[in-house]
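Structure at a glance
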Number of protein chains: 2
Amino acid sequence: MNTLVSAYLEQHRDRFLQELFDYLRIPSVSSQSEHQPDIQRCAEWLQGALLKAGADLAEIFPTAGNPIVYGEKIISPQAPTVLVYGHYDVMPVDPLELWNTEPFEPVVRDGKIWGRGADDDKGQAFMHVKAVEALIATGQLRCNVKFMFEGEEEIGSGSLTTWCAEHKDMLVADVILVSDTSLLGMDTPSITCGLRGLAFVEVEATGPNRDLHSGLYGGAVVNPVNALCQMIGSLTDADGRITIPGFYDDVQEFSAAERTEINAAPFDEQAFVSAIGVREPRGEKGYTTLERKGIRPTLDVCGIWGGYTGEGAKTIIPSTAHAKVSMRLVAGQDFHKITRQFVEHMERIAPQYGVTVRCTPLHGGYPYVAPTDSAAYQAAARAMEDTFGKRPVPFYSGGSIPIISTFERTLGIKSILMGFGLDTDAIHSPNENYPLENFYRGIETIPLFYHYFAENHR
Amino acid sequence: MNTLVSAYLEQHRDRFLQELFDYLRIPSVSSQSEHQPDIQRCAEWLQGALLKAGADLAEIFPTAGNPIVYGEKIISPQAPTVLVYGHYDVMPVDPLELWNTEPFEPVVRDGKIWGRGADDDKGQAFMHVKAVEALIATGQLRCNVKFMFEGEEEIGSGSLTTWCAEHKDMLVADVILVSDTSLLGMDTPSITCGLRGLAFVEVEATGPNRDLHSGLYGGAVVNPVNALCQMIGSLTDADGRITIPGFYDDVQEFSAAERTEINAAPFDEQAFVSAIGVREPRGEKGYTTLERKGIRPTLDVCGIWGGYTGEGAKTIIPSTAHAKVSMRLVAGQDFHKITRQFVEHMERIAPQYGVTVRCTPLHGGYPYVAPTDSAAYQAAARAMEDTFGKRPVPFYSGGSIPIISTFERTLGIKSILMGFGLDTDAIHSPNENYPLENFYRGIETIPLFYHYFAENHR
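Under an unreviewed UniProt entry, the name given to chain A is Dipeptidase, and the source organism is Candidatus Rikenella faecigallinarum.

Below is the structure:
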């Protein structure tokens, strides 16, 4: 590692953290319209941060949705180009009462940064800004760098897809570098080489045309909450398999050898269940926990509501019931097709449960698989080996970053998912956090990636 | 009918309506604690209304819950005594956006009074106050009258039970007269001779100790919303029968002859389903709609919630899911036993669905059956025959007025359920209403009840 860069990082540690805190204080929640002004403010803040880091230019591109922040530092037409992707939007914070600190007032406690976005993805993306700042400031940058930060990742990256297609020339690069994933552990560095896709659909089941008195009508008319429960219940069988016809048709099955490799990844199942407070893992019969969350599709209700949910009792048969259903998809599955299969299945079974359903697809994304034999993967692996003292393992993550497969489809560029989060960071949950150690380790590793990537490119 | 009374009623029609409007304007919602001051104000208003009607005394009795308003007009120790029961509390108004008018700003439109409580039970109970006023004002009262109005009927009448036990001597009467039920129709006068009981339990199902990212964990851990859906779904079988072990053990089965009589009541099934906008009735196999809602028990989810229910998408596995479950009970069933069976069953099946459950019984009540051969029933039937021009039919209602069975158990007095509502009154729903015709017909019928009841008693 270049000692100039190391010295720079050491010298500016505290400032980097204070700058991240400024970034985290902006409540840029993309799924709630009241936060629109914060989204705008966050984009402007990021533009300033890129310029401050030494970018030649930084621009805010308006879109039909939230703005995209683009910046670049071009050193030579001969140098390889790294396109850094990140997102500045964050998840909602409810249930607020479960947070131990204010979600948008970051603090350091027990060696961790606490706050919404501390990891996902403000903390992780900001490491790239600071790493590139160090490379520029010390005259060590050997790659061209482009930054592309969006504000709709948590709601499906709708605008970025169009924007990428429209700015293909500007975005030409050799690799896309992303930190929006987790390590298996600080002792088990890993690089994510698989991501699941997503089909997310909201379902409304309607019975009677108004809420009814549960005494005067109960027993004689269908209750749409009971019906929706039965319908959702029927979507999974006793073996944990999803019953939607055709759902598994395109799923890429892994060979026995591949499954052995997947299961060879260090994974402490007892620690996994203990950390989340459940007695045992649970999922599709015939697969291990690593397989279930890495290479198998899912169907989870992310939210359900219907009828009276306030204090005390209200004896009604509700008129409607609603559910938000997330299906994680794996290599081979097309979210358009799965969404259609889900909607058709729900519409087909609704009459037998006595309700009408209306399904609204909310978003979707393709799964992604990264090759481990590319120059970029090898550069990332060497960089992590230097800072972690251990070769990282390739890992199939269960999460979805739909835009990663879109990049491949639209720009023709593969992504390297070099994330520094931990499973315990509680992303999307109350008390999201990011260990200080991971934040600084990331800033230290990224310059090494540039170093090895430029070296391989020679 | 005594012409003096008739003339009085005719003369004061408009004032009666304006007084009812004053009563309806008080938002005395018992299940929401922010309405406590309205509850108090409503009790005071009612006390004033009783004195104004000619009661010798009217008192507000504080209780551990909401106050009880008691009033009386004693004319002679030899006269029979009628104890009038009603409730001044009302249901919550949400979803507010479905109301066409302000719930607590009553209006008359299309011949109906619109507003929360217009029927249930302010409109119906107030008829008794005005009918007795007419009898007193015209010197025609031949019975002693006692009034007992509570403010907790919609949340289980918790305080009234204790209060009745403590004031047994004060409440001695020959019959309890109640208007808190519906007619089969204006052309089909009826008297309710059966009420269902109720067991109402809130269920919380817990999986992981916090909301989890549905990608990183999905497929490998139980989702408590999916699990609760499956559990609720499993509580009813394909024949619409409830699967809780022992649930039907004590259900009083009706003879073929009794079932024929029940089904002989005029009932337009097509109108019933059309009015509520469903294609067909639905319920327990082997029973008619009238039986399903009159003499068979039910299990309805009145409310369900869990996970993210806001705008857009949030891809989580929620930590908990909740449901409010109402079971309507019929003759023979004990709500304590059914509540226990429900809770034990949910706790027993929870592990197989991978969740822990916590059940909180919210309230309960016994079913009730009224004899049709009593002097009081006969007086009610003659009174209605006079004003409707048709003999009323005995009717098993599916609703619950838990206190009615408590009166029998505590005071040893049977109740006559002479209600004047209609199924279309939308009680407990948005746009509750009460036809003007029913309001005035009730005020006209009640004095006749007193007349025939005193006559029978001679």
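**So, the overall build of chain A**
Summing up its helical and strand segments, chain A has 13 helices and 18 strands in all. Taking 458 residues into account, the globule formula puts the C-alpha radius of gyration at 23 Å, and chain A, at 23 Å, falls close to it. Overall size of chain A, expressed as C-alpha extent along the three principal axes, is 80 × 50 × 45 Å. Across the 458 residues of chain A, 64% fall into the buried class.

**What to know about the UniProt feature "domain: Peptidase M20 dimerisation" (unreviewed entry) in chain A**
Taking the UniProt record as the reference, the feature "domain: Peptidase M20 dimerisation" (unreviewed entry) is found at residues 194-353 of chain A. The distance from the first to the last C-alpha atom of residues 194-353 of chain A is 38 Å, and the span holds 33% helix and 21% strand.

**So, the packing of aromatic side chains**
Counted according to the given criterion, the structure contains 34 aromatic pairs over all chains. With centroids separated by 6.0 Å and ring planes inclined at 85 degrees, the aromatic side chains of Phe-449 of chain A and Tyr-450 of chain A adopt a geometry described as edge-to-face. We classify Phe-449 of chain A as buried; its relative accessible area is 0%. By relative accessible area, Tyr-450 of chain A is classed as buried at 1%. Centre to centre, the rings of Tyr-23 of chain B and Trp-45 of chain B are 4.8 Å apart; their planes meet at 5 degrees, and the pair counts as stacked. Of the two residues, Tyr-23 of chain B is situated in helix α2 (residues 13-24) and Trp-45 of chain B in helix α3 (residues 36-53); the sequence distance between them amounts to 22 residues. Among the aromatic residues, ring-to-ring pairing joins Tyr-23, Trp-45 and Phe-126 of chain A into one connected group. One residue, Arg-441 of chain A, lies across the ring of Phe-388 of chain A, its end atom 4.7 Å from the ring centre.

**A word on the pattern of salt bridges**
Side-chain pairing between opposite charges can occur once the charged atoms of the two side chains come close. Residues and elements named next belong to chain A. Throughout the structure, instances matching the rule amount to 46 salt bridges over all chains. Residue Arg-25 pairs with Glu-105 through a salt bridge whose shortest N-O separation is 3.1 Å. Within this pair, whereas Arg-25 is found in the loop between α2 (13-24) and α3 (36-53), its partner Glu-105 is found in the loop between β3 (81-87) and β4 (107-109), the two being separated by 80 residues in sequence. A salt bridge links Lys-337 to Asp-250, with the nearest nitrogen and oxygen atoms 2.8 Å apart. Of this pair, Lys-337 sits in helix α10 (residues 335-353) while Asp-250 is found in the loop between α6 (224-234) and α7 (256-264), placing the two residues 87 residues apart along the sequence. Within the structure, one salt-bridge network assembled from shared partners comprises Arg-15, Glu-19, Lys-52, Lys-130 and Glu-133.

**Describing the pairing of strand β7 (residues 175-178) of chain B**
Residues and elements named next belong to chain B. Of the two faces of β7, the one lined by Val-175 and Leu-177 and the one lined by Ile-176 and Val-178 are each fully buried. Pairing between strand β3 (residues 81-87) and β7: four bridges, direction parallel. Bridging across to β7, Tyr-85 finds its partner in Val-178. Looking at chain direction, β7 and strand β17 (residues 415-417) are connected through three bridges and run parallel. Counted as the bridge partner of Leu-177 is Ile-416 from β17.

**Notes on the interface of chain A and chain B**
Listed by partner, the interface residues are 88 residues for chain A and 88 residues for chain B. Summing both sides of the interface, chain A and chain B together bury roughly 7200 Å²; the carbon and sulfur share of this comes to 52%. Our count for the contact surface shared by chain A and chain B stands at zero salt bridges. Linking chain A with chain B are 43 residue pairs in polar contact (both at pLDDT 80 or more). Here the side of chain A that touches chain B takes eight residues from strand β11 (residues 300-307) of chain A, the largest share from any one element. The residue inventory of the side of chain A that touches chain B, partitioned by class, reads 35 nonpolar, 37 polar and 16 charged.

**Details of the sheet that holds strand β13 (residues 320-329) of chain B**
Pairing is antiparallel in the open sheet, where eight strands are placed in the order β14(A)-β9(A)-β13(A)-β11(A)-β11(B)-β13(B)-β9(B)-β14(B). Across the chains shown, the open sheet's two edge strands, defined by having one partner strand only, are β14 (356-365) of chain A together with β14 (356-365) of chain B. In this sheet, neighbouring strand axes are inclined to one another by 15 degrees on average, regardless of whether the strands run parallel or antiparallel. Summarising the sheet, strand β11 (residues 300-307) of chain B and β13 of chain B pair through six bridges and their orientation is antiparallel. Bridge pairing in β13 of chain B links Asp-300 of chain B to Ser-326 of chain B. This element, α6 of chain A, spans β9 (197-206), β11, β13 (320-329) and β14 of chain A together with β11 of chain B of the sheet and lies at about 15 degrees to β13 of chain A.

**Brief notes about the sheet that holds strand β5 (residues 112-114) of chain A**
Residue and element names in this part refer to chain A. Reading across from one edge, β4-β5-β18 is the order of the three strands in this open sheet, with antiparallel pairing throughout. Each edge of the sheet is formed by a strand with only one pairing partner; in this case those strands are β4 and β18 (433-435). Put simply, the sheet's adjacent strands are angled 30 degrees from each other on average, direction ignored. Inspection of the sheet shows β5 paired to β18 by three bridges, in the antiparallel sense.

**Section: the pairing of β11 of chain A**
Most of β11 of chain A is tucked away, with six of its eight residues classed as buried. Relative to β11 of chain B, β11 of chain A runs antiparallel, the two being bridged by five bridges. From the neighbouring strand, Ile-304 of chain A faces β11 of chain B, where its bridge partner is Gly-306 of chain B.

**What about empty space enclosed by the protein?**
Per the stated rule, a full pass over the model turns up six cavities of 30 Å³ or more. Contributing to the lining of the largest cavity are 24 residues, with His-213 of chain A together with Glu-153, Ser-400, Ile-401 and His-428 of chain B lying nearest its centre. For the lining of the largest cavity, the class distribution of residues is six nonpolar, 12 polar and six charged. Space inside the second largest cavity adds up to approximately 70 Å³. Together, 14 residues line the second largest cavity, and Leu-195, Gly-294, Ala-331, Val-369 and Tyr-396 of chain A are the ones closest to its centre.

**Observations regarding the layout of surface pockets**
Reported here for the largest pocket is a volume of approximately 690 Å³. What lines the largest pocket is a set of 43 residues, and nearest its centre among them are Ser-182, Leu-422 and Asp-423 of chain A together with Leu-216 and Tyr-217 of chain B. Listing elements by their share of the lining of the largest pocket, those giving two or more residues are β8 (190-195) and α8 (269-276) of chain A. Looking at the lining of the largest pocket, the element that brings in the most residues is α8 of chain A, giving four residues. Grouping the amino acids of the lining of the largest pocket by side-chain chemistry returns 18 nonpolar, 16 polar and nine charged.

**So, the relation of the copies chain A and chain B**
Overlaying chain A on chain B yields an RMSD of 0.1 Å, the required transformation being a rotation through 180 degrees with an accompanying axial translation of 0.1 Å. Here the transformation between the copies is reduced to the relation of a two-fold axis. The fraction of interface residues of chain A whose copies in chain B are also interface residues reaches 100%, indicating that both copies meet through the same surface.

**Brief notes about the environment of Asp-423 of chain B**
Within the fold, Asp-423 of chain B resides in the loop between β17 and β18 (433-435). Exposure remark for Asp-423 of chain B: the relative accessible area of 32% places this residue in the partly exposed category. For the pair Asp-423 of chain B and Ala-275 of chain B, spaced 148 residues apart in sequence, the C-alpha separation works out to 9.2 Å. Filtering out sequence-adjacent residues up to four positions away, Asp-423 of chain B remains in contact with Arg-210 and Tyr-217 of chain A together with Ser-182 and Lys-293 of chain B.

**Points about the environment of Pro-106 of chain A**
Residue and element names in this part refer to chain A. Tracing the chain through its elements places Pro-106 in the loop between β3 and β4. We classify Pro-106 as buried; its relative accessible area is 4%. Residues Pro-106 and Ala-118, spaced 12 residues apart in sequence, show a C-alpha to C-alpha distance of 7.9 Å. Discounting chain neighbours no more than four positions away, the residues touching Pro-106 are Phe-21, Leu-24, Arg-25 and Trp-114.

**Things to note about unusual backbone geometry**
Cis rather than trans, the peptide bond between Asp-94 of chain A and Pro-95 of chain A has omega equal to 0 degrees. Here Ser-157 of chain B, not a glycine, exhibits a phi torsion of approximately 55 degrees, which is positive. If you trace the backbone, Ser-157 of chain B turns up in the loop between β6 (144-150) and α5 (158-166). On the basis of relative accessibility, which here comes to 1%, the residue Ser-157 of chain B falls in the buried class. A positive phi is found at Ala-426 of chain B, a non-glycine position, where the angle reads about 55 degrees. By the element assignment, Ala-426 of chain B lies in the loop between β17 and β18. By relative accessible area, Ala-426 of chain B is classed as buried at 5%.

What counts and how
- Residues numbered from 1 in each chain as written.
- Chains lettered and ligands numbered in written order.
- Predicted model: local features only at pLDDT ≥ 70, side-chain atom pairs only at ≥ 80, totals over all residues.
- Heavy atoms only, no water.
- Helix = DSSP H or I, 4+ residues; strand = E, 2+ residues; numbered from the N terminus.
- Rg over C-alpha atoms; globule rule 2.2 N^0.38 Å.
- Buried < 20%, exposed > 50% of the residue type's maximum accessible area, 1.4 Å probe, protein only.
- UniProt positions renumbered as here; feature names shortened; annotations may be inferred.
- Phe/Tyr/Trp six-rings, centres within 6.5 Å; stacked < 30°, edge-to-face > 60°.
- Lys NZ or Arg CZ within 6 Å of the ring centre and 35° of its normal.
- Salt bridge = Lys/Arg side-chain N within 4 Å of Asp/Glu carboxyl O.
- Pairing = 2+ DSSP bridges.
- Contact = heavy atoms within 4.5 Å.
- Buried area = accessible area lost by both parts, 1.4 Å probe.
- Polar contact = N/O pair within 3.5 Å; in protein donor to acceptor, adjacent residues only side chain to side chain.
- Nonpolar A, V, L, I, M, F, W, Y, C, P; charged D, E, K, R; others polar.
- Axes fitted to C-alpha atoms, helices over the stretch in contact; angles between N-to-C directions.
- 1 Å grid on protein atoms, 1.4 Å probe; cavity = no way out; pocket = protein on both sides within 12 Å on 5 of 7 lines; lining within 4 Å.
- Points joined across faces, edges and corners; volume = space filled by probe spheres on them.
- Least-squares fit on C-alpha atoms with pLDDT ≥ 70 in both.

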